[in-house]
Amino acid sequence: MNTLPQQLANGLLLGSMYGLIAIGYTMVYGIVQLINFAHGEIFMTGAFGALTVYLYILPDGTNLAVAVPLMLIGGAIVAVLIAVGAERFAYRPLRGAPRLAPLITAIGLSLALQELVRNFYPGADRARAFPGLDTTHDIGSVTIKDADIFLVVAAIVCMSGLAWFVRKSRTGRAMQATAQDPDTAQLMGIDTNRIIVIAFAIGGLFAAVAAVAYGLKYGSIDYRMGFLMGLKAFTAAVLGGIGNIYGAMLGGIVLGVAETLASAYIDGIPGMDKLGGQSWANVWAFVLLILVLLFRPQGLLGERVADRA
């Protein structure tokens with residue numbers, strides 16, 4: 001139990017990263033009822049966009065206090081452009097098609113983005129070193145890195161900004177109207193195509209922030225990183241109630257804490273010594289998802305709604 005505060009902190013940090021990515025899934029689904037399975041690869045391209053700024057644009061030896069904001073901008077530009085491009089050229093032409101068509105397209109786009117990065121980014125067929133923020137700080141019995149502080153601050157700023165945007169801005173209210181009834185919103189003069197593009201762009205922006213936080217925390221990135229992180233983020237979105245932006249962050253935190261505690265402690269339960277450790281962390285994350293879907297299929301903050309005709 002002496003390690004419990006540290007494990008809880010690790011879970012909160014991991015969950016914050018899941019939550020930032022999950023917001024992209026939940027915003028797009030809430031507006032156009034589409035599961036964008038390429039979102040994990042948008043997260044991955046954001047990481048490589050940030051690394052490109054650091055390696056090829058900034059002078060050697062640039063202080064990270066200067067480099068990180070510029071890397072964020074570079075990663076955000078790449079991720080947002082790819083997210084918006086995917087909406088315009090891959091998903092919009094299929095908007096009236098059966099739901100299976102955009103789902104298959106999303107999976108194909110995911111594989112295409114992986115292969116494009118692997119084949120055309122220098123050295124992307126192996127893990128690429130990413131500048132890390134490794135300075136540690138002790139807060140009681142909890143040790144955190146500068147990268148963890150960056151992640152927490154970024155998550156708070158992003159969620160606060162998004163909450164204000166959705167509740168107070170005219171565009172945010174238009175997003176709520178489009179999510180509730182896109183046909184009526186269009187009749188009321190709302191440009192639903194523009195609103196959908198904004199939703200994809202915000203999702204890409206948050207994915208880029210999470211990608212930079214991932215690189216700073218773990219010190220390396222690779223072209224396959226988006227698959228598992230995207231799958232976990234999708235799980236977090238479903239766990240919190242897909243379509244609910246606050247549920248996405250809550251689901252991410254619950255998933256991160258549950259995964260961390262399970263990997264740390266479950267092997268101490270008699271008879272379950274082979275079911276613990278990091279190798280089983282992914283398994284327990286999906287076990288939690290199954291339990292939530294069995295007992296509360298709409299998610300923690302979701303509501304039961306009728307399917308759109």
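See the structure shown above.
Just so you know, these numbers come straight off a predicted model, no measurement behind them. (Residues numbered from 1 in each chain as written. Predicted model: local features only at pLDDT ≥ 70, side-chain atom pairs only at ≥ 80, totals over all residues. Heavy atoms only, no water.)

Engineer: Kindly report on the nonpolar core, identifying the contributing residues and their values.
Structural biologist: As a rule of thumb, soluble globular proteins bury nonpolar side chains together. Core analysis: the biggest nonpolar cluster contains 86 residues, and Leu-20 and Phe-43 have the highest contact counts within it. Broken down by element, the residue count for this core peaks at 16 residues, all from helix 8 (residues 192-218). In this structure, Leu-20 is in contact with Leu-151, Ala-155, Cys-158, Phe-206, Ala-207, Val-209, Ala-210 and Met-249, ignoring residues within four places of it in sequence. (Core = buried A, V, L, I, M, F, W, Y, C linked by side-chain atoms within 4.5 Å. Buried < 20%, exposed > 50% of the residue type's maximum accessible area, 1.4 Å probe, protein only. Helix = DSSP H or I, 4+ residues; strand = E, 2+ residues; numbered from the N terminus. Contact = heavy atoms within 4.5 Å.)

Engineer: Tell me about the side chain of Gln-6, residues and numbers included.
Structural biologist: Relative to the assigned elements, Gln-6 resides in helix 1 (residues 4-32). Under the relative-accessibility criterion, Gln-6 is labelled buried at 17%. Non-local contacts of Gln-6, meaning those with residues more than four positions away in its chain, are made with Ser-141, Val-142 and Thr-143.

Engineer: Give me the lowdown on the packing of helix 5 (residues 146-168) against helix 8, citing residues and values where you can.
Structural biologist: Here helix 5 crosses helix 8 at 170°, and the two axes come no closer than 8 Å. Comparing their axes, helix 8 and helix 5 come out roughly antiparallel. Contact residues: Ala-147, Asp-148, Phe-150, Leu-151, Ala-154, Cys-158, Leu-162 and Phe-165 in helix 5; Ile-198, Ile-202, Phe-206, Val-209, Val-212, Ala-213, Leu-216 and Lys-217 in helix 8. In terms of residue class, the contact of helix 5 with helix 8 is built from 14 nonpolar, no polar and two charged. (Axes fitted to C-alpha atoms, helices over the stretch in contact; angles between N-to-C directions. Parallel < 35°, antiparallel > 145°, perpendicular 65-115°, else oblique. Nonpolar A, V, L, I, M, F, W, Y, C, P; charged D, E, K, R; others polar.)

Engineer: Could you give me a rundown of the environment of Ala-207, with the residues and numbers involved?
Structural biologist: One can find Ala-207 in helix 8. When its relative accessible area of 0% is taken as the criterion, Ala-207 is described as buried. In this structure Ala-207 touches Leu-20, His-39 and Phe-43, once residues within four positions along its chain are discounted.

Engineer: Residues and numbers for the pairing of strand 3 (residues 142-145), please.
Structural biologist: On strand 3, burial follows the alternation: Val-142 and Ile-144 on one face are buried, whereas Thr-143 and Lys-145 on the facing-out side are not. Pairing of strand 2 (residues 136-139) with strand 3 involves four bridges; the strand directions are antiparallel. Each bridged residue has a counterpart across the sheet, and for Thr-136 the counterpart in strand 3 is Lys-145. Taking the residues between adjacent antiparallel strands as the criterion, strand 2 and strand 3 are bridged by two residues, where Gly-140 takes a positive phi near 65°. (Pairing = 2+ DSSP bridges.)

Engineer: Quick rundown of helix 3 (residues 64-91)? Include the residues and the values.
Structural biologist: Between its first and last C-alpha atoms helix 3 spans 37 Å; for 28 residues at 1.5 Å apiece the expected length is 40 Å, and the two agree. Along helix 3, the residues that are buried comprise Ala-67, Val-68, Met-71, Gly-74, Gly-75, Ala-76, Ala-79, Ala-83, Ala-86, Glu-87, Ala-90 and Tyr-91. If you follow the buried residues of helix 3, they end up packed against helix 2 (39-57), helix 4 (100-120), helix 5 and helix 8. For helix 3, the N-terminal capping position is held by Asn-63, with its side-chain oxygen 2.7 Å away from the main-chain nitrogen of Ala-65. (Expected span 1.5 Å × (residues − 1). Polar contact = N/O pair within 3.5 Å; in protein donor to acceptor, adjacent residues only side chain to side chain.)

Engineer: Got a sec to walk through the packing of aromatic side chains? Specific residues and values, please.
Structural biologist: Across all of its chains, the model carries six aromatic pairs by this definition. Between Phe-48 and Tyr-121, the aromatic rings sit 4.9 Å apart at their centres with planes inclined by 65°, giving edge-to-face as the arrangement. Within this pair, whereas Phe-48 is found in helix 2, its partner Tyr-121 is found in the loop between helix 4 and strand 1 (128-129), the two being separated by 73 residues in sequence. The class for Tyr-121 is buried, based on a relative accessible area of 15%. An aromatic cluster is present here, built from Tyr-25, Phe-37 and Phe-234 joined pairwise through their rings. For Arg-88, the ring lying beneath its charged end belongs to Phe-89, and the centroid distance is 5.6 Å. For the cation-ring pair, Lys-217 lies above Tyr-218, with the distance from its terminal atom to the ring centre recorded as 5.7 Å. (Phe/Tyr/Trp six-rings, centres within 6.5 Å; stacked < 30°, edge-to-face > 60°. Lys NZ or Arg CZ within 6 Å of the ring centre and 35° of its normal.)

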